[in-house]
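# Geometric and topological summary
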Amino acid sequence: MRTVKEQEIAALAPNANAAANGRKISTGGGFVSLKRSEDDSFYMGECKGSGKNNYVVSADYIDEVHPVFRCTCPSRQFPCKHSLGLLYEMAAGKAFAITEIPQDILDKREKKEAREAKKQAGEKKPATEKSRKASRAARTKKIKKQLEGLELLRQLTDGLVKGGLAAMGSVSLKTYRDLAKQLGDYYLPGPLTYLNRLILEMEACQKDQDPRHYENGVEILKKLRALEKKAQSYLQDKLDSDSPDADDDELYEELGGIWKLEQLNDLGLKKEGARLVQLAFQVTFDPARKEYIDKGYWVDVDDGQIVHTCNYRPVKALKYVKQEDSCFGLLRIPVLFYYPGAVDKRVRWESASYEEIPETVYEEIVKKAWADLPAAMKAVKNELKNTLSEGYCPVLTAYEEIGMVETGDGEDGDGESAGTGKKAVYAMRDHGQNRIRLGCPEGMEDTVSMIPLLPDGSLYRDGVLFGLAYYDPQDRQMGIYPCSLIKRDGIYRLLY
């Protein structure tokens, strides 16, 4: 009989409520019959519902990667709660009677196979010279349009650099909002996001007169200026060299490019047979993009590389985009695709299998951590020097102890202390007696306050910390935003 893990069910569920309702159906005895095919490729059941007749629910695994769920209920969710209930019946190891696969299912399988064969035949058909020229012309036209938008943006940033943000904050922001709308017509989502963030900071400053908004605005303006200059050079080079196609430069996505898996595959940005374990998960709202972002941080068990996944959910389409959730299993991924980038690459995959995490995997993760804190911070600082960086960098580093310390205001985070003012803060110390402050950057969920709530005192000694290293401009020192602690027997999350 097929084995189904609850983590797989949660991943398939359109939302948490659907998964919870499916579990209730299963535990409440909602299924009156359960059947499966002898080859384990088809499962079905009859489930009591609100209608006169029982609902007929099925799960077809003829395609292991993309199982097909069907139900006679009127729900528009996919899979519906009854399909999820059937999966919970399978996960619970309930008894399924052997049955023949219904003829209508066999007919649907044949039609699907015919569609797939037709699709593959179409994919193999080479593009004509005419279509290639038309596609290249369209991409070239888009680049020219983007360059026009960047010139408009350059004029704006020139004015702000010369006149200062004070001029922007003292007048109506309608002009800047109108410009932001225009940038949307020039295929420049990246610069548009930075401009929206700048406008939001100036709006907040007009309301509360907090000088920190000016400081934040200056940093955003630096990024906007850097992006404008880099984008100008990048696009002009593509235009001059007559190479408008996608490449492995990060600016491609910043400037409106949307990566397809086939493109990543053609560029060789992939890894076969990957094993990932999630270290942390968070949901944030970006008011500049007007999107919720479900972000997961993962470690590649084999090479120790930290990667992340992002699921963007626009406010206007919340009911159509499924929210991601935490993952507590070991993912085995046939083909892992990487987005272009140097550190903390974004990844995607088409399919994955879920397993319980054996202790040997935790041991492998622990071995991949930085043993020397100064060396780890040196690598982090090199990344943070990039003007367009997010302002933090994921790091996996071993610690001898985590606890409260009295520290000077001028401590630089690499074990060297300056200044005479003392205050108690949380810090981690490596085995070389180097230490760094554990803090919470502005706008982040407070995980430091969760440290004293850890269930076991042994967690404070001899483990590995996963966190986001950052530079604190107020204290003028490096810090780490703690996300999870890893021991040889498990992962203890501070950020779920």
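Since we're looking at a predicted model, the values are computed, not measured.

## Here we look at the nonpolar core
- Among the nonpolar cores identified, the biggest contains 50 residues, and Leu-160, Met-168 and Leu-195 are the most heavily contacted of them.
- In terms of residue count, the dominant contributor to this core is helix 9 (residues 212-240) (8 residues).
- If sequence neighbours within four positions are ignored, Leu-160 has contacts with Leu-165, Met-168, Tyr-176, Leu-198 and Leu-221.
- With 27 residues, the next largest nonpolar core counts Val-277, Ile-357, Tyr-470 and Leu-495 among its residues.

## So, the state of the cysteines
- Throughout the structure, instances matching the rule amount to 0 disulfides.
- Sulfur of Cys-47: no disulfide; nearest cysteine sulfur belongs to Cys-71 and is 7.2 Å away.

## Things to note about the sheet that holds strand 4 (residues 68-71)
- If you trace the 5 strands from one edge of the open sheet to the other, you get 4-3-2-1-5, paired in mixed fashion. Two strands lie at the open edges of the sheet, namely strand 4 and strand 5 (97-98), each paired on one side alone.
- Pairing of strand 1 (residues 31-36) with strand 2 (residues 42-47), which is carried by 5 bridges, proceeds in the antiparallel orientation. If you follow Leu-34 over to strand 2, its bridge partner there is Gly-45.

## Quick notes on the packing of aromatic side chains
- With the rule as written, the count across this model stands at 5 aromatic pairs.
- Plain terms: the ring middles of Tyr-43 and Phe-96 are 5.2 Å apart, the flat faces sit at 75° to each other, and that makes the pair edge-to-face. Of this pair, Tyr-43 sits in strand 2 while Phe-96 sits in the loop between helix 3 (81-91) and strand 5, placing them 53 residues apart in sequence. As far as the burial class goes, Tyr-43 and Phe-96 line up, both buried.

## Structural notes on the pairing of strand 17 (residues 490-493)
- Two elements, strand 16 (residues 477-487) and strand 17, share 4 bridges in a ladder whose sense is antiparallel. Residue pairing across strands places Leu-485 opposite Tyr-492, the latter belonging to strand 17.
- With antiparallel pairing between neighbouring strands as the criterion, strand 16 and strand 17 make up a hairpin whose turn holds 2 residues.

## Some words on a negative patch on the surface
- Taken together, the side chains of Asp-104, Asp-107, Glu-110 and Glu-113 present a region of like negative charge at the surface.
- With respect to the secondary-structure elements, Asp-104 resides in helix 4 (residues 103-124).

## Quick look at helix 9
- Helix length check: helix 9, at 29 residues, gives a terminal C-alpha distance of 42 Å against a target of 42 Å (1.5 Å per residue), a fit within 8%.
- Immediately beyond the C-terminal end of helix 9, within one or two residues, lies Asp-242, with a positive phi of roughly 55°.

## Digging into the pattern of salt bridges
- Going through the model one piece at a time under the given rule, you end up with 32 salt bridges.
- A salt bridge links Arg-2 to Glu-64; the nearest nitrogen and oxygen atoms lie 2.9 Å apart. One end of the pair, Arg-2, is in the segment before helix 1 (6-12); the other, Glu-64, is in the loop between strand 3 (55-60) and strand 4, with 62 residues separating them in the sequence.
- Residue class for Glu-64 comes out exposed when judged on its relative accessible area of 52%.
- In this structure, the salt-bridge partner of Glu-253 is Arg-346, at a minimum N-O distance of 3.5 Å. Within this pair, whereas Glu-253 is found in helix 10 (residues 251-254), its partner Arg-346 is found in strand 10 (residues 345-349), the two being separated by 93 residues in sequence.
- A residue is classified by how much of its surface remains accessible, and Arg-346, at 15% relative accessible area, is buried.

## Description of the side chain of Glu-89
- Inspection of the secondary structure puts Glu-89 in helix 3.
- Polar contacts involving the side chain of Glu-89 include one to the side chain of Lys-94, which spans 2.8 Å.
- Not counting the four nearest positions on each side in its chain, Glu-89 is found in contact with Ser-26, Phe-31, Leu-34, Lys-94 and Phe-96.

About the criteria used
Residues numbered from 1 in each chain as written. Predicted model: local features only at pLDDT ≥ 70, side-chain atom pairs only at ≥ 80, totals over all residues. Heavy atoms only, no water. Core = buried A, V, L, I, M, F, W, Y, C linked by side-chain atoms within 4.5 Å. Buried < 20%, exposed > 50% of the residue type's maximum accessible area, 1.4 Å probe, protein only. Helix = DSSP H or I, 4+ residues; strand = E, 2+ residues; numbered from the N terminus. Contact = heavy atoms within 4.5 Å. Disulfide = S-S within 2.5 Å. Pairing = 2+ DSSP bridges. Phe/Tyr/Trp six-rings, centres within 6.5 Å; stacked < 30°, edge-to-face > 60°. Patch = residues over 30% accessible without salt bridge, like charges linked within 9 Å, V, L, I, M, F, W, Y side chains within 5 Å. Areas by Shrake-Rupley, 256 points an atom, 1.4 Å probe, with all protein chains shown as cover. Salt bridge = Lys/Arg side-chain N within 4 Å of Asp/Glu carboxyl O. Lys, Arg positive; Asp, Glu negative; His and termini not counted. Charge placed at Lys NZ, Arg CZ, Asp CG, Glu CD. Expected span 1.5 Å × (residues − 1). Polar contact = N/O pair within 3.5 Å; in protein donor to acceptor, adjacent residues only side chain to side chain.

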